[in-house]
Every structure is written in structure tokens, then in C-alpha cells.
Amino acid sequence: TLVGCRMQTLAWLGMASLCLGTVWAVPAKKDKRKAEKPKDDFALYENMDLDNYDLTLDNYGEILDLSNYEELYDYSDLVPKIEVGTLAPRPKDPVALPDLGTTAETPKLQPPTTTDPIGPAPIPAQGESLPSCLLCLCVGTSAYCDNTNLEHIPPLPPDTTYLYARFNRIGAIRASDFMGLRKLKRIDLTSNVISWVDADAFRLLPSLQELLLPENRLTALPQLPRSIVRLDARLNRILSTSLRPEAFRELKQLQFLHLSDNQLDSIPTPLPEGLRSLHLQNNNIQTMQEDTFCNSQDHSQIRRALEDIRLDGNPINLSLFPNAYFCLPRLPTGRFL
């Protein structure tokens, strides 16, 4: 009996020890993991100099590694889902919309009265001028009238600076077409059927710098203002006999004179000193004077500005006039045989 009691006591003590060992073992494992975690976190920062930690645009990529930023944070669930529906049609009459700011009743529409009817703008009669820029597209101070079947220059706003009226059917330029347009700097009338220009149509424009008249039917050049820098009258029917004597002498600002593909039989002289480009190709020029480009009495003259002379397509033999080019920086382009 005594032996049995001792055996039961030992068995009970053994069970108690086993239970106590299990209970104490679990916290020990958790404490071990808690102790190791700061060590792992510290390993991420052991290579960073925390004393000199200064985040700037230069070291931003070195300090923060954003290569796996999308892997760490997934925002796909936070993106709002937008369902596209059909909007209600806009009312045709905005007067019928209720005023949401007040509680008053929606005003009822009244039938139109006949005492003061409001209709479309009246159509001008034959020969009557249309409002400014009605036939063109005006953007800022530029008027674009290209390919609009114009037969004359339309009325333009007084502050117009650039006019483009190309590819139309304009046949004549009247003195009144540009009256009062003192800011006009460029007129481009390429590809029309212009055969006549009034004497004062361009001469009285104080700011005009570029006049473009290629691909028309001109037989003579219009009078030009002294402010002109570029004149382009290619592909016309201009004759040398129709040019005014010394037509370009007073045009001190003229730099580009392009008269190719006309019916000229001589080079217009005298040419302004500031001229840089002279295009006379595909005319009927057969001869020239020794002082056409240079002063034959002053062999020390150097005309540096005139670097581009085109005489190709003419029957003239340029080698017959060697004394005409001594002051030029480059020989003219043309036939030397």
C-alpha cells in the first residue's frame, strides 16, 4: 500500500512537471522572436549614415529604393470605378431652364411679338460691303482668306497686320482696298488673277514690309512704299518696258527682289545697296552693263550684301561681262559658256 501511494505521487509530480515545462516553453519562444526582430530591422539601416542623413533631389534615388514600391503597396482596390452613362440631351432653349437658386415658378415662355421682330442679319445688296472679317478667319491681327473664291479684297479690321488671300479669283487691286490699314506688314496674294493694281494701292502703306504677288497676271510692277523689304512677283507677265525708270533706287530697305519667270529683257537698275537676293531666272535677259552691280569707276568697291544672284534660264552669256562682277562676293548663277 505504501509503495502504491509513492508511485501515484511520483506520477502526479511527473505530469505536473511536464505541464509546467510546456507552459514555460511557449513564452520563451515568443520572447526569442521578439528579441531577433530588432536585429533584423537594424540590419536594413546598418549601411545608412544616420548622422549625415540629408534627403535632397541629388541623393533621393540612393537613399530610397523605389524599385519595389508597387510590390509593397497595391492600390488596385482603391481605384474608383467610373461607370460611363448617357448624358441627358441639352435643352434647345436655355430660357426654359429653372433657376435652382430660387423657389419661384418657372417663367412661361411668351409668344414672339410682331412689334419688334428679331430675325437673321440682312443679306447685303449687290456691291454692298460685308462686315469686317466675315469672309475670312481673323486670328489676332492676322486675316486668313485663302481659297474662299474672293473676287476682290474684303473689308478688314483696322489693326490687321498680316493678310493671306491666296488661291482666289481676285483680278484687280483698288486704292481703297487697304485704305487705313497702317499696321499692315505682309500681303500675300499668291495664285490669283491680278492684272491691274492702282498706283496708290500699296505705296501709302507705311508699315508694309512683304508683298507677295507670284502666280498672277501682272504686266507691270506696282509702286512700292519705302518700307518694303521683300518683293516677290514671280510667274507673272512683267515687261522691262513697263517698269518705271529707277523704280528701286529709293527703296533703301529692299533686301529680296524675286522677278523670275517673267518677260524681262534687261536687269532693272540701279539696285539698292542693301539688296541681298536678286532672282531673275527664266526671263529673256541677253545683255548687261558693266555698272549693273558694281561702280565701274571705283574698283575698290566691295558689295558684300548681294550674295545671291540668279540669272540661269536666260540667253545671256555671263562670261562676256567679267568687269560687272568684281565687287561681288560671289559670281551670279547662270551660263558662262
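Preceding block: the structure.
This is a predicted model, so every value here is computed, not measured.

Draft legend 1. Spatial organisation of unusual backbone geometry. Cis geometry marks the peptide bond from threonine 269 to proline 270, where omega comes out at -5°. The topology assignment puts proline 270 in the loop between strand E9 (256-258) and strand E10 (277-279). Its identity is not glycine, yet asparagine 147 carries a phi of approximately 50°, on the positive side. Among the structural elements, asparagine 147 can be located in the loop between strand E2 (142-144) and strand E3 (162-164). Unlike most non-glycine residues, glutamate 246 shows phi in positive territory, near 55°. Along the chain, glutamate 246 turns up in the loop between strand E8 (230-232) and E9. When its relative accessible area of 43% is taken as the criterion, glutamate 246 is described as partly exposed.

Draft legend 2. Representation of the sheet that holds strand E1 (residues 137-139) within the structure. The strand order across the open sheet built from 9 strands is E1-E2-E3-E5-E7-E8-E9-E10-E11, with neighbouring strands paired in mixed fashion. Looking at strand neighbours, the two that pair on one side only are E1 and strand E11 (308-310), the edges of this open sheet. Neighbour-to-neighbour, the strand axes of the sheet open up by a mean angle of 5°, direction not taken into account. By the bridge criterion, 3 bridges tie E10 to E11 in an arrangement that is parallel. Pairing of leucine 278 across the sheet is with isoleucine 309, part of E11.

Draft legend 3. Structural view of the environment of glutamate 246. For the pair glutamate 246 and proline 268, spaced 22 residues apart in sequence, the C-alpha to C-alpha distance is 7.6 Å. What glutamate 246 contacts, discounting residues up to four positions off in sequence, is Thr269 and Pro270. A polar side-chain atom of glutamate 246 sits 2.9 Å from a polar atom in the side chain of arginine 249.

Draft legend 4. Structural view of the side chain of serine 277. Position of serine 277 among the secondary structure elements: in strand E10. In this structure the side chain of serine 277 is engaged in a polar contact, spanning 2.9 Å, whose partner is the side chain of aspartate 308. Excluding residues within four positions of it along the chain, serine 277 makes contact with Gln255, Phe256, Leu257, His258, Leu306 and Asp308.

Draft legend 5. Main features of a nonpolar patch on the surface. A surface patch of nonpolar side chains, amounting to about 290 Å² of accessible area, comprises Leu137, Val139 and Tyr144. Along the polypeptide, tyrosine 144 turns up in strand E2. What makes tyrosine 144 partly exposed here is its relative accessible area of 36%.

Draft legend 6. Structural detail: the packing of aromatic side chains. Inspection of the entire model under this criterion finds 2 aromatic pairs. For the ring pair tyrosine 144 and tyrosine 164, a centre distance of 5.3 Å and an interplane angle of 5° mean the geometry is stacked. One end of the pair, tyrosine 144, is in strand E2; the other, tyrosine 164, is in strand E3, with 20 residues separating them in the sequence.

Draft legend 7. A look at the environment of serine 142. With respect to the helices, strands and loops of the structure, serine 142 is situated in strand E2. When its relative accessible area of 11% is taken as the criterion, serine 142 is described as buried. Separated by 44 residues in sequence, serine 142 and arginine 186 place their C-alpha atoms 9.5 Å apart. If near-sequence neighbours (up to four positions away) are discounted, serine 142 is found in contact with Leu137 and Tyr162.

The rules behind each value
Numbering of residues starts from 1 in each chain and follows the order in which that chain's sequence is written. Thresholds applied to this predicted model are a pLDDT of at least 70 for local features of residues and 80 or more for the giving and counting of side-chain atom pairs; totals over whole chains, interfaces and linings are not thresholded and use all residues. For side-chain calculations, the full set of non-hydrogen atoms in the structure is used, while hydrogens and water are omitted. Helix and strand assignments follow DSSP, with helices taken as H or I runs no shorter than four residues and strands as E runs no shorter than two, numbered in order from the N terminus. The rule is simple: take the accessible area with a 1.4 Å probe, protein chains only, and divide by the maximum for that residue type; under 20% is buried, over 50% is exposed, in between is partly exposed. Two strands are said to pair when DSSP picks up at least two bridges between them. Comment: axis = line fitted to C-alpha atoms, over the contacting stretch for helices; angle = value between 0 and 180 degrees taken between N-to-C directions. Every residue pair with non-hydrogen atoms within 4.5 Å of one another is taken to be in contact. Polar contact is the term for a pair of N or O atoms within 3.5 Å; when the atoms are in protein, one must be able to donate a hydrogen and the other to accept it, and sequence-neighboring residues count only if both atoms are side-chain atoms. Patch membership is restricted to residues that have no salt bridge and whose relative accessible area is over 30%. Joining uses 9 Å for like charges and 5 Å for the nonpolar side chains Val, Leu, Ile, Met, Phe, Trp and Tyr. Accessibility throughout is a Shrake-Rupley quantity obtained with a 1.4 Å probe, and a residue counts as covered only by protein chains that appear here. For this analysis, a salt bridge means a side-chain nitrogen from Lys or Arg found within 4 Å of a carboxyl oxygen belonging to Asp or Glu. Classification of ring pairs uses Phe, Tyr and Trp, with its six-membered ring standing for Trp, and accepts pairs whose centres are within 6.5 Å; under 30 degrees between planes counts as stacked, over 60 as edge-to-face, and the remaining range as tilted.

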